[in-house]
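The chain contents come next:
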Amino acid sequence: MIQSVPLKRLITRITVAAALVVVLALGAFSWLALGVFDRQLEPALSAKAATVGRLAADAVERALSLGVPFDRLVGVGELLETQRRTHAEIRWIAVRDAQGRILFRTGVPPERPDSYVSSAVPIVLTGETVGAVVVGSDPAFVHERQLDIVYDILTSFVISLVIAVEVVVVVLALLLSDRIDRLRAWASRVAAGLPVSARPMRESRDEIGSFLTLFVEEARAPGAAMRGPATDGMAPAAESLNAIRLPLLAFFFSHEMSRPFLPQLAASLYEPLLDLPRDMAVALPFTIYLVAMVLLTPVGSRLTERFGARQVFLAGMLPAVLGYLGSALATSLPELVLARVFNGIGYALVSVAALAHIAALTGPRNRAHGIALFAGASIIASVSGSAVGGILAQRIGFASTFAVSIGLAALAAVLTLTLMPKRPENVPPVARASSLRVLADLLRNRRFLAVTLLSAIPLQVSTTGFLVFLAPLYLTELGLGPAAVGRTLMTYFVAIIFLQPSLARYADAHAAHRLFASTGGLLAAFGMVCVALTPGMWTMVFAMCVFGIGSAMISPMLIAILLDGTRTECARHGQANVLGSFRLVERGGGALGPMIAAALLSSFGFADAIGLLGTGALVLGLLFATAGLKLARPDDGDAGALQRP
């Protein structure tokens, strides 16, 4: 028996050490950046106030030069009010005479005006000072800007730390732990007389790779005992699941950067279109995006079966980049809708290829964990992308943020070429069938219907309607900017990051997939209902967190339940085709989410629309928790229909 070594402890120590280095570096940089901001803020505000005061003083001087008495000037109040409303950092503006009496004023000065005067610009007539324009900055504005900078720095700090740790973990897994775990598994198989892969690692040229190659050659030498295939459902794969994590992270990051501001961008481009109400028209980019994703999902499945996950993954980058470029250049709502079509095509190809790759390398005992890797990359990117996208959109604009997305998609393509194998080994050939035939077979399966209609589709409708469409708009309505919207959306993704991996492992170990899925559906619905009961920003934060916990309990479990309940269909059509059909139905339902949310918004307003979405999800969640769990349980006769893919 192979003796275990404290490898996980070593990897943990390396990861912690790397995280500490990142923390120290980012902490020093953040402190310096905050100091620079504090030093530059007050001079910048004083310069802005002086400019505003000079404009007003020039107008007053021109009027006085025409002989109009100081106390009979007309339109000065309106001029001052226009200047104050144009510049949010200005709290009040006053015009006073040489004796200090205030003749005109806009805004409410504090009890001690001199304590907040940023600039006093003299009014000069024929070389004599006859008065002054006094401009006072808003202390609340200054405080808000300071808090915004602190929040942005802290957000960037956390995101950088999360990404750095993820990269370190993936690199260590690819270079060390995965190959040592594979060596242990192969040694156990050799001891049991089971076959070993002929290709231990793709292009492994370091010391560990050389040893693995030598080990396999010796194990496959004539006379080595080989008694047939593994039957434990978790046979060692020649390629690592971790190889896809970094490409997925980069692609999903690029995809999620527009989440905080895309509804705002669509609203800013609104124009009467096909006599649609404003809310319905603003929902079009989201709905058309999801429709494009739905239509390309079966195509992606067929392409994956024919060309392999790596090629389809790479192919999905091109339409995604075109979508980002089109969104950056869009000057009307139809142009944005067209760009989102390309984004939907790219996301469909990449996600189907990634899921097929994971399904090919996992078995019944570790499938939920494999799906959690996919979901984990998506969630980490969602946390990082939504927050960074909001910050960048507020600082450099929407178009420049899409340019950053293009760069990240290019990085994902490079990582795919570097890390992902051309084709995983040991993927059994399957008979090809049309997408309609696969879907027809699945629609006759009551377990498939229970999972999709009572859990998967309600979750997708809630996600696209609430998280993607209503939440950013509602938070903007509450007065939050893109950066603050991104930070609020982070609470949903942070809950998933911390909970989903451990929940997936627990569900795998205790066969608790159905229990977790039903509980998560009820929890996510409860979060949305709370918004209708107590509207407000903090309720939205709570709802995001609870919705994230519920989603963490559902997402990886549904794939495990689906593949467990469709063993016969998977054996007949292949897991990629079954997953593609599932995504087709799931996303088809999800495409209705933005339009349903827009219709509810037009009739009931933000809070009630979110609450009604939650009520519908709650009803379907209760049905899944009662009737759905029984239907989703596979028959005893299906137990041996499908072994490891």
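Chains are numbered independently. Their residues run from 1 in the order of the written sequence. Only residues with pLDDT of at least 70 are given local features in this predicted model, and only at 80 or more are side-chain atom pairs given and counted; all residues enter the totals for whole chains, interfaces and linings. For side-chain calculations, the full set of non-hydrogen atoms in the structure is used, while hydrogens and water are omitted.

A.B. asks: Help me get a handle on the overall build of the protein chain, residues and values and all.
C.D. replies: For the protein chain, the count of helices and strands is 21 helices and four strands. Put simply, 81% of the contacts in the protein chain that link residues at least 6 apart link residues at least 24 apart. A helix here means a DSSP run of H or I that spans at least four residues, while a strand means a run of E at least two residues long, and both kinds are numbered starting from the N terminus. Whether two residues touch is decided by their heavy atoms; if any such pair falls within 4.5 Å, the residues are in contact.

A.B. asks: Can you lay out the confidence of the model for the protein chain for me, pointing to particular residues and giving the numbers?
C.D. replies: The quantity called pLDDT is the predictor's confidence in a given residue, expressed from 0 to 100. Residues of the protein chain with pLDDT of at least 70 account for 76%, and the chain-wide mean is 77. No element of the protein chain has a lower mean pLDDT than helix 4 (residues 207-219), at 57, and none a higher one than helix 9 (residues 317-329), at 94. In this model, residues 1-5 is a region of pLDDT below 50 whose contacts with residues beyond four sequence positions or in other chains number four contacts. Of the regions scoring below 50 in pLDDT, residues 198-203 engages in 21 contacts with residues more than four places distant in sequence or in other chains.

A.B. asks: Break down the pairing of strand 4 (residues 128-137) for me, with residues and values.
C.D. replies: Among the 10 residues of strand 4, eight are classified as buried, and the element is accordingly described as predominantly covered. Any two strands with at least two DSSP bridges between them are considered paired. For strand 1 (residues 90-97) and strand 4, the ladder comprises seven bridges, and the chain directions are antiparallel. Opposite Ile93, over in strand 4, you have Val135 as the bridge partner. Three labels apply to residues, based on accessible area from a 1.4 Å probe with only protein chains included: buried if under 20% of the type maximum, exposed if over 50%, partly exposed otherwise in between.

A.B. asks: Outline the packing of helix 7 (residues 278-307) against helix 20 (residues 592-604), listing residues and values.
C.D. replies: Axes are the key here: two packed helices are described by the angle between their axes and the distance separating the axes. For helices, the fitted axis covers only the stretch in contact; all axes are lines through C-alpha atoms, and the angles between them, taken along N-to-C directions, range from 0 to 180 degrees. Where helix 7 contacts helix 20, the two axes come as close as 8 Å, and the packing angle between them is 170°. Between helix 7 and helix 20, the interaxial angle falls into the category roughly antiparallel. As helix 7 packs across helix 20, the resulting crossing turns out to be right-handed. Counting all contacts with helix 7, which are made through Asp279, Met280, Ala283, Phe286, Thr287 and Leu290, the residues of helix 20 involved are Pro594, Met595, Ala598, Ala599, Leu601 and Ser602. Residues belonging to the contact of helix 7 with helix 20 are distributed by class as follows: nine nonpolar, two polar and one charged. Reported orientations rely on four angle classes, namely roughly parallel under 35 degrees, roughly antiparallel over 145, roughly perpendicular from 65 to 115, and oblique for the rest. Crossings are classed by handedness, with left-handed meaning an anticlockwise turn of the near helix from the far one by less than a right angle and right-handed meaning a clockwise turn. Just so you know the grouping, Ala, Val, Leu, Ile, Met, Phe, Trp, Tyr, Cys and Pro go in nonpolar, Asp, Glu, Lys and Arg go in charged, and all remaining residues, Gly too, go in polar.

A.B. asks: Explain the packing of aromatic side chains residue by residue, including any values.
C.D. replies: Whether two aromatic rings pair depends on their centres lying within 6.5 Å, for rings of Phe, Tyr and Trp, where Trp uses its six-membered ring; planes under 30 degrees apart make the pair stacked, over 60 edge-to-face, and the rest tilted. Following the criterion strictly, the structure yields 12 aromatic pairs and no others. A ring pair is formed by Phe251 and Tyr347, whose centres lie 6.3 Å apart and whose planes are at 35°; its orientation type is tilted. Of the two residues, Phe251 is situated in helix 5 (residues 245-256) and Tyr347 in helix 10 (residues 333-360); the sequence distance between them amounts to 96 residues. Tyr347 shares its class with Phe251; the two are buried. Between Phe252 and Tyr347, the ring centres sit 5.6 Å apart and the planes meet at 45°, which makes this aromatic pair tilted.

A.B. asks: Give a description of the pattern of salt bridges that names residues and reports values.
C.D. replies: What makes a salt bridge here is a side-chain nitrogen of Lys or Arg within 4 Å of a carboxyl oxygen of Asp or Glu, nothing more. Scanning the entire structure with this criterion turns up eight salt bridges. For Arg84, the salt bridge is made with Glu81, and the minimal N-O distance between the two is 3.1 Å. Residue Arg84 and its partner Glu81 are both found in helix 2 (residues 76-86); the two are separated by three residues, about one turn of the helix. For Arg84, a relative accessible area of 23% translates into the label partly exposed. Where salt bridges share partners, they join Arg54, Asp58 and Glu61 into one cluster.

A.B. asks: For the nonpolar core, give the residues involved together with the corresponding values.
C.D. replies: Among the nonpolar cores identified, the biggest contains 130 residues, and Leu248, Phe313, Phe466, Phe469, Leu470 and Met540 are the most heavily contacted of them. Here this core gets 16 residues from one element, more than from any other, and that element is helix 14 (residues 446-477). Those residues within four positions of Leu470 in sequence are excluded, and the remaining contacts are Gly465, Ala597, Leu601, Phe606, Ala609, Ile610 and Leu613. Nine residue types can take part in a nonpolar core, namely buried Ala, Val, Leu, Ile, Met, Phe, Trp, Tyr and Cys, and a core is a set of them joined through side-chain atoms within 4.5 Å. In terms of nonpolar packing, the next biggest core, distinct from the first, is built from 19 residues, Ile93, Val95, Ile123 and Val133 among them.

A.B. asks: Which residues make up the environment of Arg437, and what values go with them?
C.D. replies: Structurally, Arg437 can be placed in helix 13 (residues 435-443). Accessibility expressed as a relative area gives 48% for Arg437, which makes it partly exposed.

A.B. asks: Could you give me a rundown of the packing of helix 9 against helix 10, with the residues and numbers involved?
C.D. replies: In contact at an axis separation of 7 Å, helix 9 and helix 10 are set at 155° when each is read in the N-to-C sense. Taken together, the axis directions place helix 9 and helix 10 in an arrangement best described as roughly antiparallel. The two elements helix 9 and helix 10 meet at a crossing, and its hand is left-handed. Touching Met317, Pro319, Ala320, Leu322, Gly323, Tyr324, Gly326, Ser327 and Leu329 of helix 9 are Glu335, Leu336, Ala339, Arg340, Phe342, Asn343, Ile345, Gly346 and Val350, all from helix 10. When grouped by side-chain class, the residues that make up the contact of helix 9 with helix 10 number 11 nonpolar, five polar and two charged.

A.B. asks: Talk me through unusual backbone geometry; I want residue IDs and the actual numbers.
C.D. replies: Negative phi values dominate among residues other than glycine, just as trans dominates among peptide bonds. Although it is not a glycine, Thr126 sits at a positive phi angle of roughly 50°. Here Thr126 is to be found in the loop between strand 3 (117-125) and strand 4. Owing to a relative accessible area of 77%, Thr126 belongs among the exposed residues under this scheme.

A.B. asks: Residues and numbers for helix 14, please.
C.D. replies: One fewer than the residue count of a helix, multiplied by 1.5 Å, yields its expected span. Over its 32 residues, helix 14 runs 43 Å from end to end, which matches the ideal 46 Å to within 8%, given 1.5 Å per residue. For helix 14, the buried fraction is high: 27 of the 32 residues fall into the buried class. Polar contacts, as used here, are pairs of N or O atoms within 3.5 Å; protein pairs need one atom able to donate a hydrogen and one able to accept it. Residues neighboring in sequence count only if both atoms are side-chain atoms. At the N-terminal boundary of helix 14, the capping side chain belongs to Asn445, with an oxygen 2.8 Å from the backbone nitrogen of Arg447. Phi turns positive one or two residues past the end of helix 14, at Gly479, with a value near 100°.

A.B. asks: Describe a nonpolar patch on the surface, and please don't skip the residues or the numbers.
C.D. replies: The grouping of Leu318, Leu322, Leu338 and Phe342 at the surface amounts to a nonpolar patch, some 370 Å² of accessible area in total. Along the chain, Leu338 turns up in helix 10. Given the relative accessible area of 52%, Leu338 is considered exposed. By definition, no residue in a patch forms a salt bridge, and every one has over 30% relative accessible area; like charges are joined within 9 Å, nonpolar side chains (Val, Leu, Ile, Met, Phe, Trp, Tyr) within 5 Å. Here the open area of atoms and residues is found with the Shrake-Rupley method and a 1.4 Å probe, where only the protein chains shown may cover a residue.

A.B. asks: Explain helix 5 to me, and be specific about the residues and the numbers.
C.D. replies: With 12 residues, helix 5 ought to run about 16 Å at 1.5 Å a step, and its terminal C-alpha atoms sit 16 Å apart, in line with that. Among the 12 residues of helix 5, 12 are classified as buried, and the element is accordingly described as predominantly covered. Taken together, the buried positions of helix 5 are Arg245, Leu246, Pro247, Leu248, Leu249, Ala250, Phe251, Phe252, Phe253, Ser254, His255 and Glu256.

A.B. asks: So what's going on with the pairing of strand 2 (residues 102-106)? Residues and values would help.
C.D. replies: In regular strands, side chains alternate between the two faces of the sheet. By the bridge criterion, four bridges tie strand 1 to strand 2 in an arrangement that is antiparallel. Its bridge partner being in strand 2, Ala94 is matched across the sheet by Arg105. Connecting strand 1 to the next strand, strand 2, in antiparallel fashion are four residues, including Gly100 with a positive phi near 90°.

A.B. asks: With reference to specific residues and values, describe the environment of Gly605.
C.D. replies: Mapped onto the elements, Gly605 comes out in the loop between helix 20 and helix 21 (606-632). Residues Gly605 and Tyr474, 131 residues apart in the sequence, show an inter-C-alpha distance of 9.4 Å.

A.B. asks: Can you break down the environment of Ala164 residue by residue, with the values?
C.D. replies: If you trace the backbone, Ala164 turns up in helix 3 (residues 139-191). Spatially, the C-alpha atoms of Ala164 and Ala18 are 8.0 Å apart, while their sequence positions differ by 146 residues.

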